[in-house]
Amino acid sequence: MSLLLLRTLTFLAVATTLRTAVAAQEPPGHSKPNIVVVIADQWRAQAFHHTGDPNVKTPNFDRLAAESAELVHAVSTIPVCSPTRASLLTGQHALTHGVFINDVPLDPAATTIAKVLKAAGYDTGAIGKWHVDGHGRMSFIPAERRQGFDYWKVLECTHNYTDSVFYGDTSEKLHWSGYDALDQTRDACNFLKAHAPAQKPFLLWLAWGPPHDPYLTAPEKYRAMYDPATLTLRPNVPAEMEAPTRKNTAGYYAHCSALDDAIGELLQTLQETGLADNTILLFTADHGDMLGSQGMMKKQKPYDESIRVPMLIRWPAGLGSKRRELPAPIGTEDVMPTLLGLARVPAPKSVQGLDYSGYLRGGEAPGDGAALISCPSPFGEWERRRGGKEYRGLRTVRYTYVRDLSGPWLLFDDEADPYQQHNLVNTPEHAALQSELEAKLTHKLRDQGDDFLPGEKYIAKWGYHVDANGTAPTAP
């Protein structure tokens, strides 16, 4: 045997050994991570046992948090439903994609996370609430308006959780069999089981309707867990709102505990199917709920109970399985590019959000340390006759600063005043801080091309038809 042939055979043997060793270290099947995005509706960041709520029972979410990176200052950039969902899908600011109020359509030609991942070889599926189609809350959504999702068990919007309908691939109206979030989660588990043997990665989008009001419609077993009389309310709930807040909050927590059982079932299925290690599981919400704090209810307001949302990211293969609290503020439009970054799929040029994947892997946080919050045009539950107004603001790790069309409105030191009970705006001793935050806000708005106009200017620009209070029609 010649020396050349011997060297060639030796090289081939070593190469084969190396390929075998590398293959043994790679996850079975595809190497791209699966992605499961779970979105609750109106679940504020404070309403978990692990975040310090003394009332709510969330053992499965607490377990998930113990294995996740948690972005503890995640905010809903526009704390209301449709704008947040459109930004989660596109990675764009609401004044770019145009969905800055509820019940208006996201452009069917928009570049979404599902379309990007589908082009990268992913299967895609959506289950539950949608609310970016804008053609009626009970209307069928045809394939060309599904923004890149193939598997489809979706309704535009309902809050009738016990008699909930959805559509598949035809216009036949179908019904979930019981409390819809539990049924939707079981369907998501079936999706996982069906895709476990596959060689393709997948994106699954699971969107629940609760704990959004109506507050008192969770199954009885969960409502029985909470006695309104024994709840500890947040100290910024005024005395005159205590009685209704107790009743509503007990029902809200009942929804939360029902969803806790749902996430537990999802986690168990991921484990049983062998998908848990190489699946990025993101849990978040579209916005929070005031629940009596500041004497207010529901969302759109610039206070922490409305703007701060949960954001847990669990991916054992890529991020480890130990709890990490990451303080850098992250906004809604940053989620899509961050998920693409974790999957090492290039973000399209249409994306305006920041990629936090390097930060999740241990690097520096992108951005300027502040997340934008805004209300381009008040409507619905926060219409003008109820105090609704346009605003722009910042949430940093320590401060909240907000201005309306007439000038500076709110300034809170959230570290010293976590319940935001002392407005420091225009006080002489905080003038330098206010000036610094105002300059940062002005710079951020300039970068985004946001001229901070009255809401009717944006309504006119996009040609939306709204009522006298700025609300788009919601009829089927």
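Residues numbered from 1 in each chain as written. Predicted model: local features only at pLDDT ≥ 70, side-chain atom pairs only at ≥ 80, totals over all residues. Heavy atoms only, no water.

Focus: the side chain of Asn236
Locating Asn236 in the fold gives a position in the loop between helix 7 (220-223) and helix 8 (242-272). Among the residues examined, Asn236 registers a relative accessible area of 6% and is labelled buried. At 2.8 Å, the side chain of Asn236 forms a polar contact with the side chain of Ser293. At a separation of 3.0 Å, a polar atom in the side chain of Asn236 contacts the main-chain carbonyl oxygen of Tyr419. Setting aside chain neighbours within four positions, we find Asn236 in contact with Gly292, Ser293, Gln294, Gly295, Glu305, Tyr419 and Gln421. (Helix = DSSP H or I, 4+ residues; strand = E, 2+ residues; numbered from the N terminus. Buried < 20%, exposed > 50% of the residue type's maximum accessible area, 1.4 Å probe, protein only. Polar contact = N/O pair within 3.5 Å; in protein donor to acceptor, adjacent residues only side chain to side chain. Contact = heavy atoms within 4.5 Å.)

Observations regarding the packing of aromatic side chains
A complete count under the given rule lists 25 aromatic pairs for this structure. Ring geometry for Tyr303 and Phe412: centres 6.1 Å apart, planes at 50 degrees, overall tilted. Here Tyr303, found in the loop between strand 8 (279-285) and helix 9 (304-307), pairs with Phe412, found in strand 14 (residues 407-413); they are 109 residues apart in sequence, far enough to count as distant. Overall, the relative accessible area of 8% leaves Tyr303 in the buried class. Seen in terms of ring centroids, Tyr356 and Tyr359 are 6.1 Å apart; in terms of plane orientation they differ by 70 degrees. Their pairing is edge-to-face. Tyr359 matches Tyr356 in its accessibility class, with the two residues each being buried. Connected via pairs of aromatic rings, a cluster forms that spans Trp43, Phe48, Phe61, Trp208 and Phe283. The ring of Trp409 is capped by Lys389, whose NZ or CZ atom sits 3.8 Å from the centre of that ring. (Phe/Tyr/Trp six-rings, centres within 6.5 Å; stacked < 30°, edge-to-face > 60°. Lys NZ or Arg CZ within 6 Å of the ring centre and 35° of its normal.)

Looking at the pairing of strand 13 (residues 399-404)
Regular strands have side chains that alternate between both faces of the sheet. Here strand 13 lies mainly inside the structure; 5 of its 6 residues are buried. Here 5 bridges tie strand 12 (residues 391-396) to strand 13, and the two strands are oriented antiparallel to one another. From the neighbouring strand, Tyr391 faces strand 13, where its bridge partner is Asp404. Hairpin connection of strand 12 to strand 13: 2 residues between the antiparallel strands. Where strand 13 and strand 14 come together, 6 bridges link them in antiparallel fashion. (Pairing = 2+ DSSP bridges.)

Focus on the sheet that holds strand 9 (residues 311-314)
One open sheet accounts for 8 strands, arranged 4-3-7-1-8-9-2-10; its pairing is mixed. The outermost strands of the open sheet, each flanked by one partner alone, are strand 4 (151-155) and strand 10 (324-326). Strand-to-strand twist of the sheet, defined as the mean angle between neighbouring strand axes without regard to direction, takes the value 15 degrees. On the sheet, helix 8 packs against strand 1 (34-41), strand 7 (202-211), strand 8 and strand 9 and is oriented at approximately 160 degrees with respect to strand 7. (Axes fitted to C-alpha atoms, helices over the stretch in contact; angles between N-to-C directions.)

Remarks on the nonpolar core
Counting 111 residues, the largest nonpolar core has Trp43, Trp205, Trp208 and Phe283 as the members making the most contacts within it. No other element matches the 12 residues that helix 8 contributes to this core. Membership of the second largest hydrophobic core comes to 13 residues, among which are Ile373, Cys375, Trp382 and Val402. (Core = buried A, V, L, I, M, F, W, Y, C linked by side-chain atoms within 4.5 Å.)

A word on the pattern of salt bridges
Scanning the model with the defined rule gives 32 salt bridges in all. Linked by salt bridges that have partners in common, Asp41, Arg85, Lys129 and Asp286 make up one network. (Salt bridge = Lys/Arg side-chain N within 4 Å of Asp/Glu carboxyl O.)

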